[in-house]
Amino acid sequence: MKLVLIGGGQIPGWNFDTKDDNQDLYETEKIDKKIVELSNKKSPKLLFIGTAKKDNIIYYRAIEKVYTKLGCTVDMLDTIKEDISKEYLIDKVLNADIIYIGGGNTRFMLNCWEEIRIK
């Protein structure tokens, strides 16, 4: 198992919170390629967890576009909308080759995770 922790950096399609018009800025390309390489899989499965941005679908779509181009199949774990069964959570996590936890409001994310009710 490998753990890669990064912070910051912009990806295409998720820069709408910046004041400029550069929506195609891609600062993490080398890191993203290395993450896929570290999976040691030809077509890795990436699980995106975007709780810190309140499971924002635009953020997910941006990650999906970037990592699909890198050969991944991309799925999302929505931790906010509904109760999560233990089996569902285990299945999602154990079937992923890469787990990508997006940035944002860390306090919000941790509070949500603490409150997750597993059936």
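Check the entry above for the structure.
What follows covers the packing of aromatic side chains. Summed over the entire model, instances satisfying the criterion amount to 4 aromatic pairs. Where F48 meets Y60, the ring centres are 6.1 Å apart and the plane angle is 40°; that geometry is what we call tilted. With a gap of 12 residues between them, F48 in strand β1 (residues 45–49) and Y60 in helix α2 (residues 57–69) connect regions that are remote in the sequence. Of the residues examined, F48 reaches a relative accessible area of 0% and is grouped as buried. The buried category is assigned to Y60, whose relative accessible area is 7%. Geometrically, the ring pair formed by F48 and Y100 is tilted, given 5.9 Å between the ring centres and 40° between the ring planes. One end of the pair, F48, is in strand β1; the other, Y100, is in strand β3 (residues 98–101), and 52 residues separate them in sequence. Among the residues examined, Y100 registers a relative accessible area of 13% and is labelled buried. Through a chain of ring-to-ring contacts, the aromatic side chains of F48, Y59, Y60, Y67 and Y100 assemble into a single cluster. Positioned over the ring face of F108 is K54, at 5.1 Å from the centre of the ring.

Strand pairing in a sheet is mediated by backbone hydrogen bonds. Such pairs are either parallel or antiparallel. With respect to topology, 3 strands assemble into an open sheet ordered β2-β1-β3, the strand pairing being parallel. The two strands at the open ends of the sheet, each matched to only one other strand, are β2 (73–76) and β3. On average, each strand axis in the sheet is tilted by 25° relative to the strand beside it, whichever way the strands run. Pairing of β1 with β2, which is carried by 4 bridges, proceeds in the parallel orientation.

On to the side chain of T28, then. Tracing the sequence through the fold places T28 in the segment before α1 (29–38). Under the relative-accessibility criterion, T28 is labelled buried at 5%.

Here we take up the environment of I57. With respect to the secondary-structure elements, I57 resides in helix α2. Assessed through its relative accessible area of 45%, I57 is described here as partly exposed. Along the chain, I57 and D78 lie 21 residues apart, while their C-alpha atoms are 9.8 Å from each other.

Another point: a nonpolar patch on the surface. There is a patch of nonpolar side chains on the surface, built from I90, V93, L94, I99, I101, L110 and W113 and spanning about 600 Å² of accessible area. Here the element with the most residues in the nonpolar patch is helix α3 (residues 86–94); it accounts for 3 residues. Tracing the chain through its elements places L110 in helix α4 (residues 106–115).

Right, let's get into unusual backbone geometry. In this structure, K54 takes a positive phi of about 55° despite not being glycine. One non-glycine residue, D55, lies in the positive phi region at around 55°. For D55, the location among the structural elements is in the loop between β1 and α2. Classification of D55 by relative accessible area gives buried; the value is 9%.

Analysis parameters
- Residues numbered from 1 in each chain as written.
- Predicted model: local features only at pLDDT ≥ 70, side-chain atom pairs only at ≥ 80, totals over all residues.
- Heavy atoms only, no water.
- Phe/Tyr/Trp six-rings, centres within 6.5 Å; stacked < 30°, edge-to-face > 60°.
- Helix = DSSP H or I, 4+ residues; strand = E, 2+ residues; numbered from the N terminus.
- Buried < 20%, exposed > 50% of the residue type's maximum accessible area, 1.4 Å probe, protein only.
- Lys NZ or Arg CZ within 6 Å of the ring centre and 35° of its normal.
- Pairing = 2+ DSSP bridges.
- Axes fitted to C-alpha atoms, helices over the stretch in contact; angles between N-to-C directions.
- Patch = residues over 30% accessible without salt bridge, like charges linked within 9 Å, V, L, I, M, F, W, Y side chains within 5 Å.
- Areas by Shrake-Rupley, 256 points an atom, 1.4 Å probe, with all protein chains shown as cover.
- Salt bridge = Lys/Arg side-chain N within 4 Å of Asp/Glu carboxyl O.

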